[in-house]
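Letter by letter, the chains look like this.
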There are 6 protein chains.
Amino acid sequence: MSKFTHLTEDGQAQMVDVSQKVPTAREAVARGKIVLGEKVFQAVVDKNIPKGDLFATARIAGILAAKKTADLIPLCHPLPLTKVEVDFSLSPEDKSLSIEARAKTVAQTGVEMEALTAVSVAALTIYDMCKGIDKGMRITDIRLVKKTGGKSGTLILE
Amino acid sequence: MSKFTHLTEDGQAQMVDVSQKVPTAREAVARGKIVLGEKVFQAVVDKNIPKGDLFATARIAGILAAKKTADLIPLCHPLPLTKVEVDFSLSPEDKSLSIEARAKTVAQTGVEMEALTAVSVAALTIYDMCKGIDKGMRITDIRLVKKTGGKSGTLILE
Amino acid sequence: MSKFTHLTEDGQAQMVDVSQKVPTAREAVARGKIVLGEKVFQAVVDKNIPKGDLFATARIAGILAAKKTADLIPLCHPLPLTKVEVDFSLSPEDKSLSIEARAKTVAQTGVEMEALTAVSVAALTIYDMCKGIDKGMRITDIRLVKKTGGKSGTLILE
Amino acid sequence: MSKFTHLTEDGQAQMVDVSQKVPTAREAVARGKIVLGEKVFQAVVDKNIPKGDLFATARIAGILAAKKTADLIPLCHPLPLTKVEVDFSLSPEDKSLSIEARAKTVAQTGVEMEALTAVSVAALTIYDMCKGIDKGMRITDIRLVKKTGGKSGTLILE
Amino acid sequence: MSKFTHLTEDGQAQMVDVSQKVPTAREAVARGKIVLGEKVFQAVVDKNIPKGDLFATARIAGILAAKKTADLIPLCHPLPLTKVEVDFSLSPEDKSLSIEARAKTVAQTGVEMEALTAVSVAALTIYDMCKGIDKGMRITDIRLVKKTGGKSGTLILE
Amino acid sequence: MSKFTHLTEDGQAQMVDVSQKVPTAREAVARGKIVLGEKVFQAVVDKNIPKGDLFATARIAGILAAKKTADLIPLCHPLPLTKVEVDFSLSPEDKSLSIEARAKTVAQTGVEMEALTAVSVAALTIYDMCKGIDKGMRITDIRLVKKTGGKSGTLILE
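Note that the structure is predicted; figures quoted are calculated from it, not measured.

Participant: Got a minute to help me understand the overall build of chain A in this structure?
Facilitator: Helix and strand content of chain A: 4 helices and 5 strands. For chain A, the sequential pattern of α-helices and β-strands runs β-α-α-α-β-β-α-β-β. Seen through its C-alpha atoms, chain A measures out along the principal axes to roughly 65 × 35 × 25 Å. Counting the 158 residues in chain A, one finds 65% classified as buried. Approximately 5,400 Å² of chain A is accessible, and the part contributed by carbon and sulfur atoms is 50%. Positive and negative charge centroids in chain A, built from 22 and 19 side chains respectively, lie 2 Å apart.

Participant: Whenever I open this one, the relation of the copies chain D and chain A confuses me. Can you help?
Facilitator: Two chain copies, one operation linking them: a rotation about an axis together with a shift along it. Take chain D, turn it by 180 degrees, move it 0.0 Å along the axis, and it overlays chain A with an RMSD of 0.0 Å. Expressed as an axis order, the relation between the two copies is that of a two-fold axis. Residues of chain D ranked by C-alpha distance from the rotation axis are headed by Thr 140 of chain D, positioned 2.0 Å from it. A symmetric contact is evident, with 100% of the interface residues of chain D recurring at the interface of chain A.

Participant: Just to check I follow, could you spell out the environment of Thr 24 of chain D for this structure?
Facilitator: Residue and element names in this part refer to chain D. Relative to the elements of secondary structure, Thr 24 occurs in strand β1 (residues 24-35). Residue classification places Thr 24 among the partly exposed positions, given a relative accessible area of 31%. C-alpha separation for the pair Thr 24 and Leu 90, spaced 66 residues apart in sequence, amounts to 34 Å. Side chain to side chain, Thr 24 and Arg 26 meet in a polar contact 3.4 Å long.

Participant: What's the story with the UniProt feature "binding site: substrate" (unreviewed entry) in chain A in this structure? I'm lost.
Facilitator: As annotated in UniProt, the feature "binding site: substrate" (unreviewed entry) corresponds to Leu 75, Cys 76, His 77, Met 113 and Glu 114 of chain A in the numbering used here. Taken together, the annotated residues stretch across 40 residues yet fold into one region, lying no more than 12.7 Å apart by C-alpha. Beyond its immediate sequence surroundings of up to four residues, Cys 76 of chain A is in contact with Met 15, Thr 69, Ala 70 and Met 113 of chain A, Asp 128 of chain D together with Lys 67 of chain F. Considering the arrangement of structural elements, one finds Met 113 of chain A in helix α4 (residues 112-130).

Participant: Which parts of the structure should I look at to understand the relation of the copies chain A and chain F?
Facilitator: For the pair chain A and chain F, the relating rotation is 120 degrees, the translation along its axis is 0.0 Å, and the fit reaches an RMSD of 0.0 Å. The operation mapping one copy onto its partner corresponds to a three-fold rotation axis. Using C-alpha coordinates, one finds that chain A approaches the rotation axis most closely at Pro 80 of chain A, a distance of 4.7 Å.

Participant: In this structure, what is going on with the interface of chain D and chain A? I would like to understand it.
Facilitator: Quoted interface sizes are often the accessible area lost when the parts come together. Taken together, the contacts link 43 residues of chain D with 43 residues of chain A. Across the interface of chain D and chain A, roughly 3,600 Å² is buried in total on both sides, 66% from carbon and sulfur atoms. The interface formed by chain D and chain A contains 6 salt bridges. A salt bridge links Arg 138 of chain A to Glu 158 of chain D, with the shortest nitrogen-to-oxygen separation between them at 3.8 Å. Here chain D and chain A share 13 residue pairs in polar contact (both at pLDDT 80 or more) between them. Counting residues per element, the side of chain D that touches chain A draws most heavily on helix α4 (residues 112-130) of chain D, which supplies 11 residues. Of the residues assigned to the side of chain D that touches chain A, the class counts are 21 nonpolar, 9 polar and 13 charged.

Participant: Before we go on, may I ask you to explain the interface of chain A and chain F in this structure?
Facilitator: Each side of the interface is counted separately: chain A has 25 residues, and chain F has 30 residues. Together chain A and chain F conceal approximately 2,300 Å² of surface at their shared face, both sides included; 58% is due to carbon and sulfur atoms. Counting the contacts that link chain A with chain F gives 2 salt bridges. Across the pair Lys 68 of chain F and Asp 71 of chain A runs a salt bridge, and its minimum N-O distance is 2.6 Å. Our count for the contact surface shared by chain A and chain F stands at 13 residue pairs in polar contact (both at pLDDT 80 or more). Of the residues that constitute the side of chain A that touches chain F, the class distribution is 13 nonpolar, 9 polar and 3 charged.

Participant: What exactly am I supposed to notice about the arrangement of the chains here?
Facilitator: There is a gap between chain B and chain D: no contact, and a shortest C-alpha distance of 10 Å. Between chain C and chain F there is no contact; the minimum C-alpha to C-alpha separation amounts to 10 Å.

Participant: So what exactly am I meant to see when it comes to the UniProt feature "active site" (unreviewed entry) in chain A here?
Facilitator: Listed under "active site" (unreviewed entry) in the UniProt record, and renumbered for this structure, are Asp 128 of chain A. Position of Asp 128 of chain A relative to the elements: it lies in helix α4. When near neighbours in sequence (up to four residues on either side) are disregarded, Asp 128 of chain A contacts Lys 51 of chain A together with Ile 73, Leu 75, Cys 76 and Met 113 of chain D. A polar atom in the side chain of Asp 128 of chain A sits 3.1 Å from the side chain of Lys 51 of chain A.

Participant: Any chance you could explain the pattern of salt bridges here in plain terms?
Facilitator: Two side chains of opposite charge can pair, provided their charged atoms sit close to one another. A complete count under the given rule lists 91 salt bridges over all chains for this structure. Residue Arg 31 of chain A is joined to Glu 158 of chain A by a salt bridge in which the shortest nitrogen-to-oxygen separation is 3.6 Å. One end of the pair, Arg 31 of chain A, is in strand β1 (residues 24-35); the other, Glu 158 of chain A, is in the segment after β5 (155-156), with 127 residues separating them in the sequence. Relative accessible area serves as the criterion here: at 28%, Glu 158 of chain A is assigned to the partly exposed category. With its nearest N and O atoms 3.9 Å apart, the salt bridge here joins Glu 85 of chain F to Arg 102 of chain F.

Participant: Please explain the packing of helix α4 (residues 112-130) of chain B against helix α4 (residues 112-130) of chain C as it appears in this structure.
Facilitator: When two helices pack together, their arrangement is captured by the angle between the axes and the distance separating the axes. Where α4 of chain B meets α4 of chain C, the axes come as close as 11 Å, and the angle between the chain directions of the two elements is 165 degrees. By the criterion of interaxial angle, the relationship of α4 of chain B to α4 of chain C is roughly antiparallel. Once α4 of chain B is placed against α4 of chain C, the crossing between them reads as right-handed. Two secondary-structure elements touch here, α4 of chain B through Met 113, Leu 116, Thr 117, Ser 120, Leu 124, Tyr 127 and Asp 128 of chain B and α4 of chain C through Met 113, Leu 116, Thr 117, Ser 120, Leu 124, Tyr 127 and Asp 128 of chain C. Taken together, the residues of the contact of α4 of chain B with α4 of chain C break down into 8 nonpolar, 4 polar and 2 charged.

Participant: Whenever I open this one, the side chain of Glu 112 of chain A confuses me. Can you help?
Facilitator: Assignment of secondary structure puts Glu 112 of chain A in helix α4. One buried charged residue, Glu 112 of chain A, forms no salt bridge at all, with the nearest opposite charge on Lys 135 of chain D at 4.1 Å. Other than its neighbours up to four places away in sequence, Glu 112 of chain A contacts Ala 28, Leu 144 and Lys 147 of chain A together with Lys 131 and Lys 135 of chain D.

Participant: I'm lost on helix α2 (residues 54-67) of chain E in this one. Help?
Facilitator: Think of an α-helix as turning once every 3.6 residues; residues three or four places apart then point the same way. In a regular helix each residue adds 1.5 Å, so 14 residues correspond to 20 Å; α2 of chain E covers 20 Å between its end C-alpha atoms and thus fits that length. In terms of residue burial, α2 of chain E counts as a mostly covered element, since 14 of its 14 residues are buried.

Each value, and the rule that gives it
Residues numbered from 1 in each chain as written. Chains lettered and ligands numbered in written order. Predicted model: local features only at pLDDT ≥ 70, side-chain atom pairs only at ≥ 80, totals over all residues. Heavy atoms only, no water. Helix = DSSP H or I, 4+ residues; strand = E, 2+ residues; numbered from the N terminus. Buried < 20%, exposed > 50% of the residue type's maximum accessible area, 1.4 Å probe, protein only. Areas by Shrake-Rupley, 256 points an atom, 1.4 Å probe, with all protein chains shown as cover. Lys, Arg positive; Asp, Glu negative; His and termini not counted. Charge placed at Lys NZ, Arg CZ, Asp CG, Glu CD. Least-squares fit on C-alpha atoms with pLDDT ≥ 70 in both. Contact = heavy atoms within 4.5 Å. Polar contact = N/O pair within 3.5 Å; in protein donor to acceptor, adjacent residues only side chain to side chain. UniProt positions renumbered as here; feature names shortened; annotations may be inferred. Buried area = accessible area lost by both parts, 1.4 Å probe. Salt bridge = Lys/Arg side-chain N within 4 Å of Asp/Glu carboxyl O. Nonpolar A, V, L, I, M, F, W, Y, C, P; charged D, E, K, R; others polar. Axes fitted to C-alpha atoms, helices over the stretch in contact; angles between N-to-C directions. Parallel < 35°, antiparallel > 145°, perpendicular 65-115°, else oblique. Left-handed = near helix turned anticlockwise from the far one by under 90°. Expected span 1.5 Å × (residues − 1).

Below is the structure:
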């Protein structure tokens, strides 16, 4: 094969090569929060949301989004997800809703992005379903809380 | 990791964990039928369909849909399909068209949904291409007829 | 432009030209049924489904599928859906679950396929979530029950 | 058409009907921030990111995600986007990167979700490209800052 | 709204604003060619292709791809396609197959990319279905041959 | 299982069965060229492209398209890509831009289509971003240049 001269020698985006890595069981847990404010929080507690069943809709949206991760995040590798789970928790103190997603796979690379994507899209779905009440909600503190498996092993961030 | 209190303890949707299952060869066959009625049946026999080549279009639609199963069915696991096939059979007695789909994979979970999705979308495509003649068609009897592989082994339903 | 000789003069699939049609308000209602059988019917009534919240999951799957119709059905035109709704009804007599979808748009062509696709994918989702109990379920009687708008006007089929 | 008994009378998710609304020009601006931390911030400043060209990749990911909003957020209406723009701004004080997305359409409903989705997916892409350096980054403060057009008119939140 | 400092003042990718443009009828025709070589050409003529019905499959692939254009090409606006058509023509002289796609819309921007995408994906599908015979095929001369509508009016390139 | 009579005995499209093949490391390299013409070539050299950052956008488009190959090409098997890379090279002699894509997987079937799809969509993206300057560009010479792995082993075409 003839030599192909790279136009740019540095900084070009690429999906890194994981061909030589052995598939191992991996898990990631991510969390985030949506600060609802007084009015939306009350509507959630009262199950009085204009567009309907809030948690079931956001949960399904998060699970489906995890499966779309490689289509959304340009340099992510496609992964055969073996489990996805999305949970919610209300905090009356700061009128917020916390979201946790847990993803698993057996693959050559980790599932952190899948868990983070599930949390993000579940949060956006909550925003969408409640924005008729108040558009001032804020999606915040989306972060990885734990990962296991792979070369770097277990990482517990909180 | 701190404890995360589940908001709902029961009934929440989740993609079940198949991480511990060993990938095995699996196959599923599904069938369905579309009752065309007199006029559409005759047009199909005469190859006189307004939108063109009926079986080829429906077959491709079914095959592509099988590959989208995990994107359509929220709790389905993504599977590396190793084969998909869609076939048709005309029944002059009841003026119907039968559809059969066969899907294979080597994975931790079965391909029943992929075969059923292929049949469903092939049937919808038939409806779409013939609805200019008669909108009274009926898609019916979509069911699994056979599955092999996995813990539950072979199941033959008809 | 030079002449392009068509390879096949007949029967080739094409998305028909609706450029000259004026956008009008349109609505379609479709229905279908899934025959659950004794065991699954009881589990649905008892809200004891292995994969979780059945109706919410199937409803969301149906709504999302309606939005994917032009991606699933090869010759469908993309439509700006203005409403989608999916409902369920249990029938103790024949241990079945009925599904109804209603879709609306303001466009040059009808929304029948969107309503039928929503019913089909909601039914497949029900099958997926209950197949751990019994794989003998049957998706049946998917049909258009009503359409309004467009050149052909209102059509009420049942 | 015969009556269809709703299984659940309250709280079911639905895409609300916007058929009667007149399409108007609409715009939305959303913002968010990713707290990078010392090491990642320095790598960004030094253009020394393992996976390559950071801002171009995240910008494209955000623009493409805006176009996928109706596929990600279950009850969102599909919208013909007429413009999407994603910008970035580094804050040395708190070692963070701010993201702003601006979306426009001429439609029956607003583009808030498209702008928020663009910000979220751009942020996830930044996380993905920098996570080889530090997995402790935090995506935060995703919110609507402005919307114009539609019945509720202009809303300026910051 | 507070000022947002752009990180990069030049060269950043954006979907240009077409909000102020009036929707008009538009059409585009694109063509391309795949040089098959002796063996594949003969197999096509003999309808002896390993993976089956060549033209129907490539035509459907092209039509579906036209509808995915805005998902594939980052800065393309989503368009409500009103017609897509894909045709083929065999050239015994140079053992090639020509592909022509025609797309229409009523929109604020043109359909050139939709026609070009349909040709490209139809050509890739031909390659895929014939590559078991010879991998040396070459997809070539993909170009716009005609466009009508829009501010720049009619352009006839061949 | 009862016998299902095939409607058509020959020529029907199908995704061939690769269930029995053992996954092996595979790589494919494809190339193509876009003949830009004098004006576009100069604008590319001057980094003066109306829609922004040309190479980064086309590179991301190509990488994302490689991941969509099985969704675009009807009979392609879904593959777990382990690497994708897209590069560019300008040729002042013929005012053209060459594109090279390299894809890797560990699977039962090859990645030729993924590499060819990446090249094609990167080329379409270049066309889209430069078409405001000149619509006479031509995408040409898309071909496989190398493949390794699988039963047929290494194939070097140039």
